[in-house]
Amino acid sequence: MNNDSFELKFWGVRGSIPVSGPEFERYGGNTSCIELRHDGRHILFDAGTGLREAAAYLAKEGVRDIDLFFTHSHYDHIIGLPFFNAIYDPRVSVDLWSGHLAGKTTTRQLIGQFMRPPWFPVEPDICRAEMSFRDFAAGDTLKPHPGIVMHTARLNHPGGCIGYRIEWSGRVIAMVYDTEHMAGKLDEAALALMADADLVIYDATYLEAEMPKYLGFGHSTWQEGIKLAKKAGAKRLALFHHAPGRTDRELDDMQRDAQQSFPGAFVAFDGQSLQL
């Protein structure tokens, strides 16, 4: 990849639980995992089941230096971590970052609580990669590598969740998912993350008609994503974190309806790559 190429890849776009079957073939069934690639650097966001396929790609490409940022630690965002082959490779360096449990649980403790019996056969001490655990708090500005700036904010999700604004090589990507909006009020934290972004990745788990049934679950709608994207002056909007039962046909309908209101909107799918 040349120095001018900046790529984003969706390895998993589903929320809550992975799914499979003929009704989910085109958009996919893996849970949350997103990769940013530029100038030889690879940064991952979330460790859903999509992380397994990301791991195979990274190994094939001979990638030895990886950052993995968590938005939060609900099952659908961490279940792929024990199957992330990079953490068992002594040639690889992996930095793991979390901030949603700042002051309560460190990133090292988080991984240790999840990867251990009886939930998993082995503990993190079996990992042979060089692993570093990075803690931060919502609101911190992170500079994981030269030329990369990440602004963070707390999102409205049970148990806490981090939204990211990544500024890298003149591009801005906002990751604003696993967040619940308040009817009639635009989320100021979301707007700040999304301001003038080249791409916003937004939680579109529900439809507006479904929200009354799921109040308090911590998710949003494509309609709210469009309101925020327009207000923030964002260029493109990726609808993400699809409900487990949302079929290909229903997601086609969502994309059609969304694009009528905001031409830059699209429904993300597993394996989708974007050149920014």
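For every chain, the first residue of the written sequence is number 1, and numbering continues from 1 along that sequence. Only residues with pLDDT of 70 or above have their local features reported here, since the model is predicted, and side-chain atom pairs are shown and tallied only from 80 upward, although totals for entire chains, interfaces and linings are computed over all residues. Hydrogen atoms and water are omitted, and side-chain values are computed over all heavy atoms in the structure.

- In the nomenclature of an unreviewed UniProt entry, the protein chain corresponds to MBL fold metallo-hydrolase from the organism Rhizobium tropici.

**Brief notes about helix α3 (residues 107-114)**
For an α-helix, the turn length of 3.6 residues means that residues three or four places apart are oriented alike.
Line of reasoning, step 1. The buried label applies to any residue whose accessible area, calculated with a 1.4 Å probe on protein chains only, is under 20% of its type's maximum; exposed applies above 50%, and partly exposed to all values in between. Runs of H or I in DSSP of at least four residues are treated as helices and runs of E of at least two as strands, each being numbered from the N terminus. Among all positions in α3, only T107, L110, I111, G112 and F114 are buried.
Line of reasoning, step 2. Buried residues in α3 make contact with α2 (75-78), β5 (93-98) and β6 (130-135). Should any heavy atoms of two residues lie within 4.5 Å, those residues are counted as being in contact.

**Some details on the nonpolar core**
The nonpolar side chains of soluble globular proteins are, as a tendency, buried together.
Line of reasoning, step 1. Among buried residues, those of type Ala, Val, Leu, Ile, Met, Phe, Trp, Tyr and Cys that are joined through side-chain atoms within 4.5 Å constitute a nonpolar core. Counting residues in each nonpolar core, the largest one holds 29 residues, and the members touching the most others are V176, M194, V200, W222, L237, L239 and M254.
Line of reasoning, step 2. Of all the secondary structure elements, the ones that give two or more residues to this core are β10 (171-176), α4 (188-194), β11 (199-203), α5 (222-232), β12 (236-240), α6 (248-261) and β13 (265-267).
Line of reasoning, step 3. Examining the composition of this core, we find that five residues originate from one element, α5, more than from any other.
Line of reasoning, step 4. Excluding residues within four positions of it along the chain, L237 makes contact with L199, V200, Y202, G225, I226, A229, F262, G264, A265 and F266.

**Details of empty space enclosed by the protein**
Line of reasoning, step 1. Here a cavity denotes a set of grid points, spaced 1 Å apart and computed over the protein atoms alone, in which a 1.4 Å probe fits but from which it cannot get out, and a pocket denotes an open set meeting protein on both sides within 12 Å along at least five of seven lines; residues with an atom within 4 Å of a point are reported as lining. Grid points are joined across faces, edges and corners, and a volume is the space filled by probe spheres set on the points. A full pass over the atoms with the stated rule returns one cavity of 30 Å³ or more.
Line of reasoning, step 2. Taken as a whole, the largest cavity spans an internal volume of roughly 30 Å³.
Line of reasoning, step 3. Taken together, F70, I78, L81, L110, I111 and F114 form the lining of the largest cavity.
Line of reasoning, step 4. Throughout, the ten residues Ala, Val, Leu, Ile, Met, Phe, Trp, Tyr, Cys and Pro are labelled nonpolar, Asp, Glu, Lys and Arg are labelled charged, and all others, Gly among them, are labelled polar. Class assignment of the residues belonging to the lining of the largest cavity gives a composition of six nonpolar, no polar and no charged.

**Side note on unusual backbone geometry**
Of all residues except glycine, most have a negative phi; of all peptide bonds, most are trans.
Line of reasoning, step 1. At the junction of P117 and P118, the peptide bond is cis and its omega measures out at 5 degrees in the coordinates.
Line of reasoning, step 2. In this structure, P118 sits in the loop between α3 and β6.
Line of reasoning, step 3. The residue S16 is not glycine, and still its phi comes out positive at about 75 degrees.
Line of reasoning, step 4. Here S16 is to be found in the loop between β1 (6-12) and β2 (33-38).
Line of reasoning, step 5. Taking relative accessible area as the criterion, S16 reaches 42% and is therefore assigned partly exposed.

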